[in-house]
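As a plain string of letters, each chain reads:
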Amino acid sequence: MSQWASAQTTVDREGRNVTGSPTAQHQLDLVPDALLAGRAADGDTAAFEALARRHGPLMRATARRLTGSSADADDVVQETLVQAWKQLDNLRDPAAVRGWLLRIVGSRSIDYLRKRRNHADLDDAENLVDHHPRPRPEDPENNALSSSRVEALKAALAGLPEEQRRCWVLKEFNDQSYEEIALTLNISADSVRGRLARARVTLARRMEEWR
Amino acid sequence: MNTPRDTLDCGHSLAELSAYLDTGQIADPAHLDSCPECQAGLASLRNLSALGSDLLRSDVADAGSGNDDWMQSILDNLQLELRPGRSIPCSLTIRMTPCGRPRDPSRHSSVPWLTACQAQLPASADCMATSPLLAPGSAWR
């Protein structure tokens, strides 16, 4: 029996996963994205949850960096998963499900920023803080140096104009093309190219100064 | 190494170099190999890109595992919305023969329960021609 066949789950008429035991969940962890996405598109909720667990941390990290808010980020992840579940049928290449999920995260995050701006004329996107700083591995100064450079980049990123920061995160975190970013932000691909370049020049300068 | 100005003495801009890193396209690729300014600019942008990857890794680690409570909580909320399951196309109009079989099964091959029901019905090849109850093309929903 193939690994996938042994990891299959059954969904009853109401769409409930009736064999979603922890063991089955663990086995699904080993199944490639393409198979999970295909099963999920057929209505397999266990396969869908496995995808959500696998890519959830990346989706959450991206949404946090884009919205600047942990609470909004979790809402974004939830809404992304709802939308993904409804639209999985439209995903042409199941193997590309990760990028597809990230594109939805990008759009939803930008929607959140727009909503927030409409509700209050304040930009708290600068206030991204580490609510749960992770323990640093015990290793030489290399790690300390690397992590302090990362901290310096966070500070430099927070100082960017919002439009530039969005372009940078959608490019570097979501790996979106200029055209995809243009669609997400509702601007031209040329504007994306320009903003991204300005963001990079500013960030590179700050990092040189920091060094 | 200093980060070069927006437009370099050689005439290239950092915007061009930035786009080159993403797309691999630039007007005169041969120039890049021989121009120290462009090389310095590219090196600086590549360093930044590598640091961006470090930041992403750090952010993903801070986001926690997909098996943690936060994801379980999201999935629990989602479960309410997923419970009805993927919708079967209810607006589908199935043209039936008088004996209860779809007139054109090949059109509905993507509806598994219909295919299953159909398999359990007795074959009746001539029912469409002989039944007076339904005119050809009558539809049941």
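Sequence order sets the numbering: in each chain, residues are counted from 1 along the sequence as written. Written order decides the labels, with chains lettered from A and ligands numbered from 1. Where totals are concerned, whole chains, interfaces and linings use all residues; where local detail is concerned, this predicted model gives features only for residues with pLDDT of at least 70, and gives and counts side-chain atom pairs only at 80 or more. Side-chain metrics in this entry use all non-hydrogen atoms of the structure; hydrogen atoms and water are not considered.

Student: Lay out the overall build of chain B in plain terms, naming residues and giving numbers.
Tutor: Summing up its helical and strand segments, chain B has 6 helices and 0 strands in all. Strands here mean DSSP runs of E at least two residues long; helices mean DSSP runs of H or I at least four residues long; both are numbered from the N terminus. Along chain B, helices and strands appear, N-terminal first, in the series α-α-α-α-α-α. Burial classes follow relative accessibility: with a 1.4 Å probe on protein chains only, a residue under 20% of its type's maximum area counts as buried, one over 50% as exposed, and anything between as partly exposed. Here chain B, with 141 residues, has 34% of them falling under the buried criterion. In this analysis, two residues are considered to be in contact whenever any of their non-hydrogen atoms come within 4.5 Å of each other. For chain B, long-range pairs separated by at least 24 residues make up 48% of all intrachain contacts whose partners lie at least 6 apart in sequence. When the accessible area of chain B is evaluated, it comes to approximately 8,200 Å², of which 54% is carbon and sulfur surface. Here the open area of atoms and residues is found with the Shrake-Rupley method and a 1.4 Å probe, where only the protein chains shown may cover a residue.

Student: Break down helix α5 (residues 70–87) of chain A for me, citing the residues and quoting the values.
Tutor: Residues and elements named next belong to chain A. Across its 18 residues, α5 extends 25 Å between first and last C-alpha, which sits within 8% of the 26 Å expected from 1.5 Å per residue. Most of α5 sits out of view: 13 of its 18 residues are buried. Within 3.5 Å is the distance limit for a polar contact, defined as a pair of N or O atoms, with the added protein rule that one can donate a hydrogen and the other accept it, and that residues adjacent in sequence qualify only through two side-chain atoms. Measuring from the side-chain oxygen of the N-cap residue of α5 to the backbone nitrogen of A71 gives 3.4 Å; that N-cap residue is S69. Multiplying 1.5 Å by the residue count of a helix minus one yields the expected span of that helix.

Student: How would you explain the interface of chain B and chain A if you had to name every residue and give the values?
Tutor: Between chain B and chain A, the contact holds 45 residues from the first and 55 residues from the second. For the pair chain B and chain A, the summed buried surface comes to about 4,400 Å²; carbon and sulfur atoms form 58% of the total. A side-chain nitrogen of Lys or Arg and a carboxyl oxygen of Asp or Glu constitute a salt bridge if their distance falls within 4 Å. Linking chain B to chain A there are 2 salt bridges. Residues A:R65 and B:D59 are paired through a salt bridge, measuring 2.7 Å at the closest nitrogen-oxygen approach. Taken together, the links from chain B to chain A amount to 8 residue pairs in polar contact (both at pLDDT 80 or more). When two parts are brought into contact, each loses some accessible area as probed by a 1.4 Å sphere; the total of that loss over both is the buried area.

Student: Describe the nonpolar core, naming the residues involved and giving the relevant values.
Tutor: Ranked by internal contacts, the top residues of the largest apolar core, which has 65 residues, are A:F48, A:L81, A:W100, A:L153, A:W168, A:L203 and B:M71. When residues of this core are assigned to their parent elements, the largest contribution, 10 residues, is made by helix α4 (residues 45–67) of chain A. With residues up to four places along the chain from it excluded, the contact list for A:L153 reads A:W168, A:L203, A:M207, B:L48, B:L51, B:G52 and B:L55. Core analysis: the next-biggest nonpolar cluster, separate from the first, contains 10 residues, B:C35, B:C38, B:L42 and B:L45 among them. Working definition of a nonpolar core: buried Ala, Val, Leu, Ile, Met, Phe, Trp, Tyr and Cys residues. They are joined through side-chain atoms within 4.5 Å.

Student: Can you explain the environment of A:D42? Please cite residues and give values.
Tutor: Residue and element names in this part refer to chain A. Checked against the element boundaries, D42 lands in the loop between α3 (33–41) and α4. A relative accessible area of 64% means that D42 is categorised as exposed. With 47 residues separating them in the primary sequence, D42 and D89 have C-alpha atoms 8.1 Å apart.

Student: Go over the pattern of salt bridges with me, naming the residues and quoting the values.
Tutor: All names here are of chain A. Here the structure, examined in full by the defined rule, presents 15 salt bridges over all chains. One salt bridge connects E163 with R195, and the closest N-O pair in it is separated by 2.8 Å. One end of the pair, E163, is in helix α8 (residues 162–172); the other, R195, is in helix α10 (residues 189–210), with 32 residues separating them in the sequence. When salt bridges with common partners are traced through the structure, they connect E162, E163, R166 and R195 into a single cluster.

Student: Describe the confidence of the model for chain A, and please don't skip the residues or the numbers.
Tutor: All names here are of chain A. Here chain A shows a mean pLDDT of 81. Residues at 70 or above account for 74%. How sure the predictor is of each residue is captured by pLDDT, a score from 0 to 100. Here helix α1 (residues 3–7) stands out as the least confident element of chain A, with mean pLDDT 38; α8 is the most confident, with 95. Segment residues 1–20 is flagged for pLDDT under 50; beyond a separation of four residues in sequence, or across chains, it makes 38 contacts in the model. Note that residues 122–137 has pLDDT below 50 and, in this model, 29 contacts with residues that lie over four places away or in other chains.

Student: How would you summarise the packing of α4(A) against α8(A) if you had to cite specific residues and measurements?
Tutor: When two helices pack together, their arrangement is given by the angle between the helix axes and by the axis-to-axis distance. Residue and element names in this part refer to chain A. Their axes nearest at 9 Å, the elements α4 and α8 cross at an angle of 170°. The pairing of α4 with α8 is recorded here as roughly antiparallel in orientation. Of the two elements, α4 crosses α8, and the hand of that crossing is right-handed. Touching T62, R65 and L66 of α4 are R166, V169 and L170, all from α8. Following the grouping adopted for this structure description, the nonpolar residues are Ala, Val, Leu, Ile, Met, Phe, Trp, Tyr, Cys and Pro, the charged ones are Asp, Glu, Lys and Arg, and the polar ones are all others, Gly among them. Considered class by class, the residues forming the contact of α4 with α8 number 3 nonpolar, 1 polar and 2 charged. Lines fitted to C-alpha atoms define the axes here, with helix axes fitted over just the stretch in contact, and angles between the N-to-C directions of these axes take values from 0 to 180 degrees. Any angle between 65 and 115 degrees counts as roughly perpendicular, while under 35 counts as roughly parallel, over 145 as roughly antiparallel, and the rest as oblique. If you view the pair so one helix is near and one far, a crossing is left-handed when the near helix is turned anticlockwise from the far one by less than a right angle, and right-handed when it is turned clockwise.

Student: So what's going on with the packing of aromatic side chains? Residues and values would help.
Tutor: Paired rings are identified among Phe, Tyr and Trp, the last through its six-membered ring, by centres lying within 6.5 Å, and are further divided according to the angle between planes into stacked (under 30 degrees), edge-to-face (over 60) and tilted (the rest). For the coordinates displayed, the defined rule picks out 2 aromatic pairs over all chains. Considering the side-chain rings of A:F48 and A:W85, the 5.1 Å spacing of their centres and the 70° angle between planes classify their relative orientation as edge-to-face. Placement of the pair is A:F48 in helix α4 and A:W85 in helix α5, with a sequence separation of 37 residues. The pair formed by A:F48 and A:W85 is uniform in burial state, with each residue classed as buried. Charge-over-ring contacts are defined here by two conditions on Lys NZ or Arg CZ: a distance within 6 Å of the ring centre and an angle within 35 degrees of the ring normal. Looking at A:R60, its charged tip hangs above the ring of B:W70, at a distance of 4.0 Å from the centre. In this arrangement the basic side chain of A:K115 is found over the ring face of A:Y112, its NZ or CZ atom lying 4.4 Å from the centre.

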